[in-house]
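Examination of the molecular architecture
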Amino acid sequence: MLSELYLSYISQNKELTDLEAKQPKIMTFLMFEGRAEEAMNYYISVFDNSEIVSMRKYEAGGPGPEGSVMKASFKLGDQMFMCNDSFVKHAFTFTPSISQFVTFETEAEIDRAHEMLSQGGSVLMPLGEYPFSRRFSWVQDQFGVTWQLSLA
């Protein structure tokens, strides 16, 4: 029932901005439960040349909690992402089997990202040298999203 209400509400509010219409057809979509705006702000603090591109929030009387993110897009470097806050509770969350793979040009960049993304999260593979990379780590951040970080 809630899913039908959500889909109905979204279909009635399909306004696309010019920027959204020009976005790639394939994009990572992250579904949060009440922390989408916090996550976006956190991610743009980790990666240079990043920004929140657009954000639409639920209003009073909408299916989601007022002020939570209905739909947002953000850019990390050259990569676009979309996200929302699901007001429907699901029996699943993010899984390490799908992760964001990030290549860094300098050791300082990878060290900073590793430090920031692992705070409040967990380290799946410690930052170090591996047969496939001179410097690599795999972390799950405080929101549950996993990141493979590799030196170019």
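Here goes a summary of the coordinates provided. Everything numeric here is computed off the predicted structure, so don't read it as measured data. (Residues numbered from 1 in each chain as written. Predicted model: local features only at pLDDT ≥ 70, side-chain atom pairs only at ≥ 80, totals over all residues. Heavy atoms only, no water.)

**Some details on the overall build of the protein chain**
Within the protein chain one finds four helices and eight strands. When the helices and strands of the protein chain are read in sequence order from the N terminus, they spell out α-α-β-α-β-β-β-β-α-β-β-β. When burial is assessed residue by residue, the protein chain has 41% of its 152 residues classed as buried. A sequence separation of at least 24 residues applies to 57% of the contacts in the protein chain between residues at least 6 apart. Taken as a whole, the protein chain presents about 9000 Å² of accessible surface, with 53% of it coming from carbon and sulfur. (Helix = DSSP H or I, 4+ residues; strand = E, 2+ residues; numbered from the N terminus. Buried < 20%, exposed > 50% of the residue type's maximum accessible area, 1.4 Å probe, protein only. Contact = heavy atoms within 4.5 Å. Areas by Shrake-Rupley, 256 points an atom, 1.4 Å probe, with all protein chains shown as cover.)

**Describing the packing of helix α3 (residues 36-46) against helix α4 (residues 107-118)**
Pairs of packed helices are described in terms of their axes, by the angle between the two and the distance that separates them. Interhelical geometry of α3 versus α4 gives an angle of 160° and a closest axis separation of 10 Å. The orientation of α3 relative to α4 falls into the category roughly antiparallel. Crossing handedness for the pair α3 and α4: right-handed. Between α3, through Y42, Y43, S45 and V46, and α4, the contact on the second element is made entirely by R112, A113, M116 and L117. The residue inventory of the contact of α3 with α4, partitioned by class, reads six nonpolar, one polar and one charged. (Axes fitted to C-alpha atoms, helices over the stretch in contact; angles between N-to-C directions. Parallel < 35°, antiparallel > 145°, perpendicular 65-115°, else oblique. Left-handed = near helix turned anticlockwise from the far one by under 90°. Nonpolar A, V, L, I, M, F, W, Y, C, P; charged D, E, K, R; others polar.)

**Section: the nonpolar core**
Membership of the largest hydrophobic core comes to 26 residues, with the highest contact counts inside it found for F32, Y43, L117, W147 and L149. Those elements that place two or more of their residues in this core are β1 (28-32), α3, β3 (69-76), β4 (79-85), β5 (100-104), α4 and β8 (146-151). Looking at which element gives the most residues to this core, the answer is α3, with six residues. Those residues in contact with W147 that lie beyond four places of it in its chain are Y43, F47, L76, S99, Q100, V102, L117, S137, W138, V139 and D141. (Core = buried A, V, L, I, M, F, W, Y, C linked by side-chain atoms within 4.5 Å.)

**Quick look at the pairing of β4**
The element β4 is largely enclosed, with a buried count of six among its seven residues. In this sheet, β4 lies alongside β1 in parallel orientation, the contact comprising five bridges. Residue pairing across strands places F32 opposite D85, the latter belonging to β4. In terms of strand pairing, β3 meets β4 through five bridges, oriented antiparallel. Within the sheet, the bridge partner assigned to L76 lies in β4 and is Q79. Here β3 folds back onto β4, and the loop between the two strands holds two residues, one of which, G77, carries a positive phi near 65°. (Pairing = 2+ DSSP bridges.)

**As for the sheet that holds strand β6 (residues 122-130)**
Pairing in this open sheet of four strands is mixed, and the strands run β5-β8-β7-β6 from one edge to the other. Each having just a single partner strand, β5 and β6 make up the two edges of the open sheet. In this sheet, adjacent strand axes meet at a mean angle of 10° when their direction is disregarded. With five bridges joining them, β6 and strand β7 (residues 133-140) adopt antiparallel strand pairing.

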